[in-house]
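Structure assessment
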Amino acid sequence: MLPMDDLPDAPSGTPFGMLSGVRILDLTTSVAGPYATQLLGDLGADVIKIERPGGGDDARAWGPPFLDGESLWFLSVNRNKRSVTLDYTRPEGLAILLDLTRQADVVIVNMVQRTQDKLGISFETLSAVKPDLIFAAITGFGLTGDRAALPCYDLIAEGYSGVMDLTGEPDGPAQKVGSPAADMLSGQDAALAICAALLERTRTGKGRKIDVALVESMTRFMTPRIVTYLGSGELPRRSGGRDSVIAIYQVFETADQPMTLGLGNDGIWRRFCNAVGRPDWAGEARFSDNAKRREARPEIVAGIQEILRARPRAEWLALFAEAKIPAGPINRLDEVATDPELLARGTIYALRDGERTVPQINLGIQVDGAPTAPRMPPPRLGQHTAAILDELGGCAEKDLAALSAAGII
């Protein structure tokens, strides 16, 4: 029995349709680009995923683990899409891609400029056949600059951005974030920019060339740290499960399991002191604001730790919830997957597709009091090739057979 067997079914409401009527050609692979188009598909866009015949998206091979022969990494970022296999490195395939572009609103790629030019899929080329095209490129370093042609993955972007240097224990090595943060952030940035460009196009009729870089999205994620350094000259260092600005913002041990505690303002500090039976701390002048509490941090942390070790975590969390004090557990993924609130809100679900069941994480946005419902499961490789080429017109069965025999589709 798999953990997903206990998941609720997908939300049964109405799929979001804010982007209904928008057609997107997704030429990307791996995580960042597919996540961007999944977000757009969740919002109602018609996403056509263009994949290489034979292997398809690189992420289809990322495993183990696999689910019924399919990569779970791929399944995590590719719902609400239709898959077309097309070798557009060949003239016949490129002609089909250009025909698809004429009927599209957005094309998204994750290739550097040199590769786009070589394949004939740059903004300059595609906008010549579709003048109001919105074109988005997600690359490691952007389409311009000395590093523009360099290859990049999430790990490399995290290293460039400074997030790895500030992640981990003070005396330990730099660490990667536990999820592909640069991929997910750059994908979200691309989706946001595409939505903004679509809105602008309704007013101006103008297309746009969007340039998103993993390193820059990850660097933007570090905004509070970088701006603080630039304005103060203080170079932050790794602090583990603690925060270097808020005095009490860290992990504490309890009688059984660790917990997080964030005392981010003076009101929360006073409520905390009263809740744990130390009202004298609340009235202590040398603890009266965050700057003073930072100076006394070792003393306060030691005192809090002694108190919290006296009772189990569940009791503290119940007490702090009642007192409106930010606190929480440190969940393992199996605990996240069974979180009753996340399940109730439709955040985590199992998507049933005939005999196939696919675990999914929803958009995480509710509109008019409800989450979106999925329209389609992640596609099999080339599952919709014939249907979409038929929509183009002019592709009879014999033509499709010939294209398939030639390895173009």
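This text goes with the structure placed above it.
Residues numbered from 1 in each chain as written. Predicted model: local features only at pLDDT ≥ 70, side-chain atom pairs only at ≥ 80, totals over all residues. Heavy atoms only, no water.

**A look at the side chain of S161**
As for its position among the elements, S161 is in helix α6 (residues 154-161). Each residue touching S161, except ones within four places of it in the same chain, is listed here: V215, M218, T219 and M222. (Helix = DSSP H or I, 4+ residues; strand = E, 2+ residues; numbered from the N terminus. Contact = heavy atoms within 4.5 Å.)

**Topic: a nonpolar patch on the surface**
The grouping of L150, Y153, L155, I156 and Y160 at the surface amounts to a nonpolar patch, some 480 Å² of accessible area in total. Take I156: its relative accessible area is 35%, and that puts it in the partly exposed class. (Patch = residues over 30% accessible without salt bridge, like charges linked within 9 Å, V, L, I, M, F, W, Y side chains within 5 Å. Areas by Shrake-Rupley, 256 points an atom, 1.4 Å probe, with all protein chains shown as cover. Salt bridge = Lys/Arg side-chain N within 4 Å of Asp/Glu carboxyl O. Buried < 20%, exposed > 50% of the residue type's maximum accessible area, 1.4 Å probe, protein only.)

**Things to note about the pairing of strand β7 (residues 134-139)**
For β7, a buried count of 6 out of 6 residues is recorded, marking the element as mostly surrounded by other parts of the structure. The alternating pattern of β7 places I134, A136 and I138 on one face and F135, A137 and T139 on the opposite face, and all of these are buried. Summarising the sheet, strand β6 (residues 106-109) and β7 pair through 4 bridges and their orientation is parallel. When the bridges of β7 are listed, V109 appears paired with A137. Across 6 bridges, β7 lies against strand β8 (residues 208-213) in parallel orientation. When the bridges of β8 are listed, A137 appears paired with D211. (Pairing = 2+ DSSP bridges.)

**Section: the nonpolar core**
Grouped together as the largest cluster of nonpolar side chains are 38 residues, with contacts concentrated most on I24, I108, I138 and I194. Of all the secondary structure elements, the ones that give two or more residues to this core are α1 (32-42), β6, β7, α7 (181-204), β8 and α8 (214-221). A104, I121, F135 and A137 belong to the second largest nonpolar core, which has 29 residues in total. (Core = buried A, V, L, I, M, F, W, Y, C linked by side-chain atoms within 4.5 Å.)

**Concerning the packing of α6 against α7**
It is the contact of α6 with α7, at a shortest axis distance of 7 Å, that shows an interaxial angle of 90°. Relative to α7, α6 is oriented roughly perpendicular. Where α6 abuts α7, its residues D154, A157 and E158 lie against A181, A182 and D183. Considered class by class, the residues forming the contact of α6 with α7 number 3 nonpolar, no polar and 3 charged. (Axes fitted to C-alpha atoms, helices over the stretch in contact; angles between N-to-C directions. Parallel < 35°, antiparallel > 145°, perpendicular 65-115°, else oblique. Nonpolar A, V, L, I, M, F, W, Y, C, P; charged D, E, K, R; others polar.)

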